[in-house]
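Structural description and commentary
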Amino acid sequence: MYTAKGRNLRYYVRKGLFIPFDQRAWGFSDFGKAMRIYFISRGSGFFSRADPKEVILMSKLETTLSNSNVIVFTMKYKPDFPIEFFFGGNPFSEEKNALFADIVHPDDYRPFCEIIGDIVNRRADKLSAHVRMMCGGAYHWYYISATPEFKEDGRLSEINGIMYDVTVYLDCSDDDLVMRELKNRSKAAFDMAENTPHLLDVLGEDYLKRIQQPLSLIDGLYSVIIDENGTAICPPGQNKGTNLNKMSYQRKKSIRIKHQNVGTWLIASESPDSINSCVPLLDTMVQTVSELANSYIVISEEMENSQKANKLLGQNFEDQILINNIYTLILKSRDTSASFGSIVPLIKEYFGLSDLMFCYDAQRPVKVYRWDEGGTIIPMIANEYLNEKIDKELENDAVVCLHESEFKKVDGLNRSCALSRVYENGSSRGIIMFISDDVDRVWTNRDRKLIKSITQIMSTIIYRSFMENDLAVSQEHLLRLAYYNTTTGIPNRSAFERDFRSTISEGKSGAVVSIEIANLKSLSEIYSCRYADEVTRSIAEYISAIRTDSEKHIYLFSNDILFVSMLNATRDEAVSLAQSILFKFRSPWYLNDNENKLDIYAGVCVFPEDADCVPDCVRVATKTLRLAKDRKLHDAVCYSNDLEEKLDDNQRVKKLITDAVENDFKGFYYLYTPVLDVSTGELTACEAHLFWGNGDIIVSRDRFLPIIDRMGAAFTFHNYALGRLCELASEVRKSGVSDFKVAYTIPENVLNSENCLLILKEKLLQYSLSPDAIAINISQSDHTLLSSSSNLKMLSKLGVTVIADDKGENFFTGEFLDNPYINIVKLRARRLNDDPVSAPFVRSLITRAHDKGIKVCVKGVDNQRSLDYARRFGADTYQGIYNCRPLHTKEFIKKMVIQTPAE
């Protein structure tokens, strides 16, 4: 218990908080509870929702703190640490808020910054310190006790706590009197240092009197010091009425401070001997007074310089906290996107920026980039570039500050910007642009130095990010080169060995059909190697078109041998496929108007019965193939009429599609299936289905896409098709459905290409659409549901909706939920039923999807019963002919957008 200035206060330390505490008004636990409630509820409409008991507790807190010396504050983690005060207002100035750097004693600033650095780096979990702060024209000791608040991403946001004036306990009254006098003299000297110093203010009247005493003791000698204002200072005991100017002999000496005359020392006598004998003493004493006065001035200036240096050291340490924090976040991040996702918000908040951009990299096709919330670098369109004047300024100065209007046309706010060069290997590669929220912001030298340091750090990870993206694309390209034949585009032997090992390790069974084109070498000699490759690819396409109950994959094992892997197939199914192939190629095979007589042989290997590893599988399959070839086995099988008609129609379809592609894609059109909200029936999206037709024949997407791919027009066609989708999305959104999106099935070759993202961004910009206006369907059967796809990762980060589609004959599992890029999953309506085995699995799958933030859409809703199941299972949206059939563009706009759909 302490007593201070008549106030009886009981001081407690509760969890490190040094709080003046009135025991009669508060219970021990109530105060801590009220403080916690206050900081949690501040600015959140607390009193409109709080419990009545807590409202009373808060009112009690406000009354107590307003009548005490406790200062409640919030300190922001920004330059100079802005402080916001509560209850009692700002005791340090007339302003509402204050900058901690302006009121703290310079000697205490750096130690305080060291504590903040420990908090930022999680080496300390609270702030407890004694600090001197300027209050009422003098420094007072304050005890600060506060707790830091961190954001979800781990960044320090603010520090909430209290402070209390403890000067009465820490400012001792028994200091060395000489030191106190020196401080007072130094302060007086400093106040006068910028103008003409005053002798009396610097040395004091008492000192000037006492130093003259040796001269006053000499009989018949008189002494006086006259300052610059004409004030006469005489030694004690000397008659002040004596007129020294009337005496016969005099000697004067000037007292100088900082090379300026601030006074005159005069001695006088009627005897010349008295004067002459005292001249050396007078010279020495005048020199002593001048040196002492100058020493006070020097001491005051050095003390001020020391405080300024300490404050600068504190500011540098504060800046170093930010730099170290940036380094820490970079080292903790798993990749460059995560690094940017952490440091860009920190930099923007610290400097008060509205945006942070990287621009004008001459080695990249896109000139301006910015960072999204996840830290991904997003390209932007810029039609204005830096002019030569700014380029020259950047060559001479590391950081150039200007307004937006100086380098581009500005609509609205003409914001203040700071531009800093980015270098790579000593060469200029771009500029980071710091755009302030404040139009009239003045960038200080401290800001410039900090921006320069941050730019040097960011330049490394910027180009590391570009390198990572390039490496990801290159890795994808290398994988394709490693696992695909470059001339035919068919998966090669390495792909077969990889997939076979994966299949065996998962405990799956199946069969491998090996097919040899015995006379392929002679075809290459007659026509060309390229023609032989075309024959091989056409055969692979034909085999792929044969319908089977099991999933199959085709591999080019060698130049003239194809392997067909059939998952979960029996021996009879594999033999049936082999025999159908042999039967077909008994007839001539037509390619490019050439008739080719192919000599085909086939062998079958069933795993794991015949082989349970890659070498055994290859050995058994090729052995059976060679046996078939040696014995000239060409067994006939019954070939279905449906398949025969499809094959005969191939040439006609190819010509029609080729003509359509060469005539600006004439005849291609979309049908759109509306996607409605299960609860409200409102239109949310649609799924696009692509067809070609001329009135006589309709060709599906699965048939014409391979033809277009072989023509080399896949990306041109994708650009055209995506443009039609964006056109519809733009028209529907302009009609009032603001969150409408169009979903389409993206081909595997397009998804894995380098142009996928560029085409999408170009179309989004052309139609002024955000990325969430487009959704892509991916599935296991299309080989696009891959978490390792770098393009899928970039599409997801860009904001494109990714849909896992339930299609194909694969066994249905929940593996897609582990794919981090999935936003929506589409389930077939037939999976939602009352089956006691499958129903719990489907319900749990939907629940898991919702827990991960994934929406569920039910497709194929053909009747009211299917819709009821969708609602009961908790689906979000549905689509199917129960709502309406697939519609052409104009019908879709008319029925689904302009008119309100019936429930």
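First, a word on scope: everything that follows refers to the structure included in this document. (Residues numbered from 1 in each chain as written. Predicted model: local features only at pLDDT ≥ 70, side-chain atom pairs only at ≥ 80, totals over all residues. Heavy atoms only, no water.)

1. Quick look at the overall build of the protein chain
- If you tally the helices and strands in the protein chain, you get 28 helices and 34 strands.
- When contacts within the protein chain are restricted to residue pairs at least 6 apart in sequence, those whose partners lie at least 24 apart make up 62%. (Helix = DSSP H or I, 4+ residues; strand = E, 2+ residues; numbered from the N terminus. Contact = heavy atoms within 4.5 Å.)

2. Section: the nonpolar core
- One finds Ile657, Phe668, Phe704, Ile776, Ile778 and Phe892 to be the most contacted residues of the largest nonpolar core, which totals 86 residues.
- Here the element with the most residues in this core is helix α22 (residues 714-734); it accounts for 8 residues.
- With residues near it in sequence (within four places) discarded, Phe668 still touches Ile657, Ala660, Val661, Phe691, Trp692, Phe704, Ile708, Phe717 and Tyr720. (Core = buried A, V, L, I, M, F, W, Y, C linked by side-chain atoms within 4.5 Å. Buried < 20%, exposed > 50% of the residue type's maximum accessible area, 1.4 Å probe, protein only.)

3. Here's the deal with the packing of aromatic side chains
- Per the counting criterion, the structure on display carries 25 aromatic pairs.
- Aromatic ring contacts, followed pair by pair, group Phe496, Phe500, Tyr555, Phe557, Phe563 and Phe607 into a single cluster.
- For the cation-ring pair, Arg122 lies above Phe150, with the distance from its terminal atom to the ring centre recorded as 3.7 Å.
- Just above the ring of Tyr483 sits the side chain of Arg498; from NZ or CZ to the centre is 4.2 Å. (Phe/Tyr/Trp six-rings, centres within 6.5 Å; stacked < 30°, edge-to-face > 60°. Lys NZ or Arg CZ within 6 Å of the ring centre and 35° of its normal.)

4. Let's talk about unusual backbone geometry
- Although it is not a glycine, Asp80 adopts a positive phi angle of roughly 70 degrees.
- Here Asp80 is to be found in the loop between β4 (71-76) and β5 (82-86).
- Residue Asp80 is classed as buried on the basis of its relative accessible area of 17%.
- With phi around 60 degrees, Asp664 is a residue other than glycine that occupies positive phi space.
- You can see Asp664 is positioned in the loop between α20 (650-662) and β26 (668-677).
- A residue is classified by how much of its surface remains accessible, and Asp664, at 68% relative accessible area, is exposed.

5. Considering the packing of helix α11 (residues 336-351) against helix α13 (residues 445-483)
- Close contact between α11 and α13 brings their axes to 11 Å; oriented N to C, the two are set at 160 degrees. Relative to α13, α11 is oriented roughly antiparallel. Where α11 crosses over α13, the handedness of that crossing is left-handed. Where α11 approaches α13, its residues Thr336, Ser339, Phe340, Ile343, Ile347, Tyr350 and Phe351 are matched on the opposing element by Arg446, Asp447, Leu450, Ile451, Ile454, Met458, Ile461, Ile462, Arg464, Ser465 and Glu468.
- The residue inventory of the contact of α11 with α13, partitioned by class, reads 11 nonpolar, 3 polar and 4 charged. (Axes fitted to C-alpha atoms, helices over the stretch in contact; angles between N-to-C directions. Parallel < 35°, antiparallel > 145°, perpendicular 65-115°, else oblique. Left-handed = near helix turned anticlockwise from the far one by under 90°. Nonpolar A, V, L, I, M, F, W, Y, C, P; charged D, E, K, R; others polar.)

6. Considering the sheet that holds strand β11 (residues 232-233)
- Taken together, the 4 strands give an open sheet; going across it, the order is β11-β10-β13-β12, and neighbouring strands pair in antiparallel fashion. One side of each edge strand has no neighbouring strand; the edge strands of this open sheet are β11 and β12 (249-257). (Pairing = 2+ DSSP bridges.)

7. Observations regarding helix α28 (residues 889-898)
- Among the residues making up α28, those that are buried are Phe892, Ile893, Met896 and Val897. Projection of α28 onto a plane perpendicular to its axis shows the buried side chains occupying an angular sector of 110 degrees, all on one side. In α28, those exposed residues whose orientation departs by more than 90 degrees from the buried face are Lys890, Lys894 and Ile898.
- The inward-facing, buried residues of α28 abut β26, β27 (683-693) and α22. (Arc of directions from axis to C-beta.)

8. Let's talk about the pattern of salt bridges
- Going through the model one piece at a time under the given rule, you end up with 22 salt bridges.
- In this structure, Lys253 engages Asp283 in a salt bridge whose closest nitrogen and oxygen atoms are separated by 3.1 Å. Placement of the pair is Lys253 in strand β12 and Asp283 in helix α10 (residues 272-332), with a sequence separation of 30 residues.
- Note on Lys253: relative accessible area 30%, which makes it partly exposed.
- Arg872 is paired through a salt bridge with Asp834; the nearest N and O atoms lie 3.1 Å apart. Of this pair, Arg872 sits in helix α27 (residues 864-872) while Asp834 sits in the loop between β32 (824-828) and α26 (838-851), and the two are 38 residues apart along the sequence.
- By relative accessible area, which is 47% here, Arg872 ends up partly exposed.
- Here the salt bridges share partners, and the residues they tie into one network are Asp806, Arg828 and Arg831. (Salt bridge = Lys/Arg side-chain N within 4 Å of Asp/Glu carboxyl O.)

9. Let's talk about α26
- Here α26 contains 14 residues, and its C-alpha end-to-end distance of 20 Å stays within 8% of the 20 Å for a straight helix at 1.5 Å per residue.
- Among all positions in α26, only Ala839, Val842, Leu845, Ile846 and Ala849 are buried. Seen end-on, α26 carries its buried residues on one side only, within an arc spanning 130 degrees.
- Contact partners of the buried residues in α26: β32 and β33 (855-859).
- Positive backbone phi, at 80 degrees, marks Gly853, one or two positions downstream of α26. (Expected span 1.5 Å × (residues − 1).)

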